[in-house]
Amino acid sequence: MEKRRVRAVAVLFFLVPVSVFAACLFGAYDTSVAQVYDVFKSAILGGVESSESSLSYIVTDLRLSRVCLSFLVGMSLAVAGTVYQGILRNPLADPFTLGVSSGAAFGASLAIFSGSTVLGAGLWLKFGSLFLPLAALAGAMAALGAVLMLGRIGGTLRRETMVLAGIVVATFLSALISLLKSLDEDSVTSIVFWIMGSFQGRGWEHVTLFLPYFIAGMIPIIYYSRELDILSLGETQARHLGMDVSRVRLFLLVGSGLLTGAAVAVSGIIGFVGLIVPHLVRMFQGAEHRPLLLSSSLLGGLLLVWSDVIARSLLPGGEELPVGVVTALLGGPFFCIVLRGGFRGARS
Amino acid sequence: MFLKSFFLLLVIIPVNSAFAEISVIDDFGDKVVLKSPAKRIVALYGAFNEILFAMDLDDRIVARTAGDDYPAQIIKLPSIGTHMRPNSELIVALNPDLVLQMAGRSQAKTALEPLKERGIPTAMFKVTSFEDLYSLIWKIGTLTGEPKRAEKLVHSMIGRLDKVKNKYSKIKDKPEVFFEIRYPNLLAAGQGSIVSDIIVKAGGDNCVDNPKKIVRMGEEELLRLNPENYVYQSGRMNQSPVVPSDRAHFKMIKAVRSGKVLKVDESVFSRPGPRNVDAVETLADFLYNKN
């Protein structure tokens, strides 16, 4: 297992830079490998290429920023999924279990809806294209806070109450989103498309918006990654080993909540990555959390980078698919195959 | 094109007088038969009301949709719900003798079903060009028993468009125009929309070469097209749009760099009606006068 694990991580680490470069080759604009290579070279070596040239703009500002953002979002979703599955000891848990995504979706819907009001129009003008992700982020954080408060009813943070609180908050917020949709029919398509998840039109400003939450979310998860192993033994066992279960759980939940909330805020809701990537990695290299988190994050990032490449290059004429649709279409069948193979391997 | 429409009129009039009843084939091949000229018209889409107003037939309109606010007088009329979800109970209560609907979404026809069941005459139209618009106006003229007013309106529209044509008749290279329907989640007007015909009539060339009415598009495709002129609408589809020069990725577009950006009113450009001629004039001014 140890050797296999090292090999898997080495392969993933090798694939990251290769994928980042290769993913920059795809798009509506015709670019050759040599051209993209030149842009990368001059960007890294600080060449004197003028920023006016649209080729270097397309490669660095349109494609590379998207690739970086999708990689970070994929990492976050896979890590958050791993953490939730570990804490809640539930194989069905994904980054959206706790309703954070519904919070973000409600924030974004409210922002879209408010475009027709005087106040909303003012905010749109003030924040420009960042108004939507900022509103989604606020919604995600509010939902996370609400779930944590609800989950603490009775003093401690219990597994069952957490899941229930998540479901209640998510259902209530979905109802509010439906209310907004039925009040303003013109914004329905905008809301629906936002919720389906996409990296279309995202740029470096979204990476900048995302990065602080990514770091703040990763710190507690890395710090408490060993405790995740203990937690997955069960609450009583963890307590007997002298762990402050409530505290560790809270930090881990806040960490993964930050990751999920920020990810959804910049990209919309992208399903399947956070659910299947941890399972896949567990099949190959076991359930120990530190290597699991590392491999999951890399695989999640890679999966989303390539899903986004498909999303933006599958349709002709520069039309794009929502990336959330691509991940679900790829993820479902692929997971079925791996699941069958995995079981066969376990039996023999 | 004018001749064709005129010919259509000549065909319709004798039929009417011969059978003393009014009949028109709508844009979906259904025959609409009225015993007498329509006096109580309910339009499920505001464009019809605009046309009726332009023909001085506003006394025939008995209701409006919730979103209608042009011309201003229409606000006094009762609302029959939204364009997307009209309330058939309210419509029936108004006792209309003709209900007009615009095709577009698949549900457009379903909204008419309960009305047809009650024997209320309905007609559905599809307008993606000025040609269609003239034909619609002729048909409304027939249905209201006022073909002369239809003729007058179509005449004045054609006359104004011909005047615009003089501006660019000698120019061979038509300037490229990109028309934004919505942003974020960029939607562009394709060749199959009335907007595309407005661009052509204003002496421009819609650079989105897609037969669809509405085209979804990534920013990279927009940069590839790199249009010389960028027109974006403001209205119900595109509420409080951010100025293109303030958007990520838009600064590289030729039009944004040279300042050839125009903000227009959605209801004048995207809604088929007599105001589309204003749209052509506005756009032609932008393309040819302010260089």
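Here is a short report on the structure shown in this document. (Residues numbered from 1 in each chain as written. Chains lettered and ligands numbered in written order. Predicted model: local features only at pLDDT ≥ 70, side-chain atom pairs only at ≥ 80, totals over all residues. Heavy atoms only, no water.)

What follows covers the overall build of chain B. When helices and strands are counted, chain B shows 12 helices and 11 strands. In terms of overall dimensions, chain B is globule-like: its C-alpha atoms have a radius of gyration of 20 Å, near the 19 Å expected for 291 residues. Viewed in the frame of its principal axes, chain B has a C-alpha envelope of about 60 × 40 × 30 Å. Taking as baseline every contact in chain B between residues at least 6 positions apart, the subset at least 24 positions apart corresponds to 63%. When the accessible surface of chain B is totalled, it reaches about 12800 Å², and 54% of it is carbon and sulfur. Computing the positive centroid from 41 side-chain charges and the negative centroid from 35, chain B places the two 1 Å apart. (Helix = DSSP H or I, 4+ residues; strand = E, 2+ residues; numbered from the N terminus. Rg over C-alpha atoms; globule rule 2.2 N^0.38 Å. Contact = heavy atoms within 4.5 Å. Areas by Shrake-Rupley, 256 points an atom, 1.4 Å probe, with all protein chains shown as cover. Lys, Arg positive; Asp, Glu negative; His and termini not counted. Charge placed at Lys NZ, Arg CZ, Asp CG, Glu CD.)

This part takes up the interface of chain B and chain A. Chain B puts 27 residues into the contact, and the matching count from chain A is 39 residues. Summing the contributions of chain B and of chain A, the shared interface buries around 3000 Å²; its carbon and sulfur component is 49%. On the chain B side of the interface with chain A, the three residues burying the most area are B:Arg216, B:Glu220 and B:His249, jointly 23% of the side's total. Summed over the shared surface of chain B and chain A, the result is two salt bridges. (Buried area = accessible area lost by both parts, 1.4 Å probe. Salt bridge = Lys/Arg side-chain N within 4 Å of Asp/Glu carboxyl O.)

Residue and element names in this part refer to chain B. Counting buried positions over the seven residues of strand β6 (residues 176–182) gives six, a clear majority of the element. Pairing of β6 with strand β8 (residues 205–206), which is carried by two bridges, proceeds in the parallel orientation. Looking at the pairing, Glu176 lines up with Asp205 of β8. Here β6 runs beside strand β10 (residues 229–234); their pairing, made up of four bridges, is parallel. Bridge pairing in β10 places Phe179 opposite Val231. Note that β6 and strand β7 (residues 187–189) share two bridges and pair antiparallel. (Buried < 20%, exposed > 50% of the residue type's maximum accessible area, 1.4 Å probe, protein only. Pairing = 2+ DSSP bridges.)

Before going further, it helps to examine the nonpolar core. In this structure, A:Val73, A:Trp194, A:Phe210 and A:Leu252 are the most contacted members of the largest nonpolar core, which totals 95 residues. Setting aside chain neighbours within four positions, we find A:Val73 in contact with A:Phe199, A:Phe210, A:Ala263, A:Val266, A:Ser267 and A:Leu304. Listed in part, the 62 residues of the second largest apolar core include B:Leu98, B:Ala123, B:Val177 and B:Val280. (Core = buried A, V, L, I, M, F, W, Y, C linked by side-chain atoms within 4.5 Å.)

Moving on, we come to the sheet that holds strand β4 (residues 98–102) of chain B. Residues and elements named next belong to chain B. A sheet is described by the order of its strands in space; here three strands give the open sequence β3-β4-β5, paired in parallel fashion. The outermost strands of the open sheet, each flanked by one partner alone, are β3 (41–43) and β5 (122–125). Mean inter-strand twist for the sheet, computed between neighbouring axes without regard to direction, equals 20°. Pairing of β3 with β4, which is carried by three bridges, proceeds in the parallel orientation. Across the sheet, residue Val42 finds its bridge partner in β4, namely Val99. Where helix α2 (residues 46–54) meets the sheet, its contacts fall on β3, β4 and β5, and the angle it forms with β4 comes to roughly 120°. (Axes fitted to C-alpha atoms, helices over the stretch in contact; angles between N-to-C directions.)

On to the environment of B:Ile137, then. All names here are of chain B. Positionally, Ile137 belongs in helix α6 (residues 130–143). You can call Ile137 buried: its relative accessible area is 0%. Each C-alpha atom of the pair Ile137 and Gly273 lies 9.1 Å from the other, and the pair is 136 residues apart in sequence. For Ile137, the residues in contact, after removing those within four places along its chain, are Ile51, Met55, Ala150, Leu153, Val154 and Met157.

Burial runs high along helix α8 (residues 194–201) of chain B: seven of the eight residues are buried. The complete set of buried residues in α8(B) reads B:Ile194, B:Val195, B:Ser196, B:Asp197, B:Ile198, B:Ile199 and B:Lys201.

With that out of the way, let us pick up the environment of A:Arg312. Residue and element names in this part refer to chain A. Here Arg312 lies in helix α14 (residues 289–313). Exposure remark for Arg312: the relative accessible area of 7% places this residue in the buried category. Arg312 sits 114 residues away from Ser198 along the chain, and the two C-alpha atoms are 9.5 Å apart. A distance of 2.7 Å separates the side chain of Arg312 from the backbone oxygen of Phe26, its partner in a polar contact. (Polar contact = N/O pair within 3.5 Å; in protein donor to acceptor, adjacent residues only side chain to side chain.)

Another aspect to go through is the packing of aromatic side chains. Per the stated rule, a full pass over the model turns up 12 aromatic pairs over all chains. Ring centres of A:Phe210 and A:Phe214 lie 6.0 Å apart, and the angle between their planes is 35°; this geometry places the pair in the tilted category. With a gap of four residues between them, A:Phe210 and A:Phe214 both fall in helix α9 (residues 204–223), about one helical turn apart. Each member of the pair, A:Phe210 as well as A:Phe214, carries the same accessibility label: buried. Three or more aromatic residues joined by ring pairs form one cluster here, namely B:Phe178, B:Tyr183, B:Tyr230 and B:Phe250. Just above the ring of A:Phe193 sits the side chain of B:Arg216; from NZ or CZ to the centre is 3.7 Å. (Phe/Tyr/Trp six-rings, centres within 6.5 Å; stacked < 30°, edge-to-face > 60°. Lys NZ or Arg CZ within 6 Å of the ring centre and 35° of its normal.)

Within the element layout of this structure, A:Ser65 appears in helix α3 (residues 54–88). Non-local contacts of A:Ser65, meaning those with residues more than four positions away in its chain, are made with A:Thr60, A:Arg202, A:Gly203, A:Trp204 and A:Val207.

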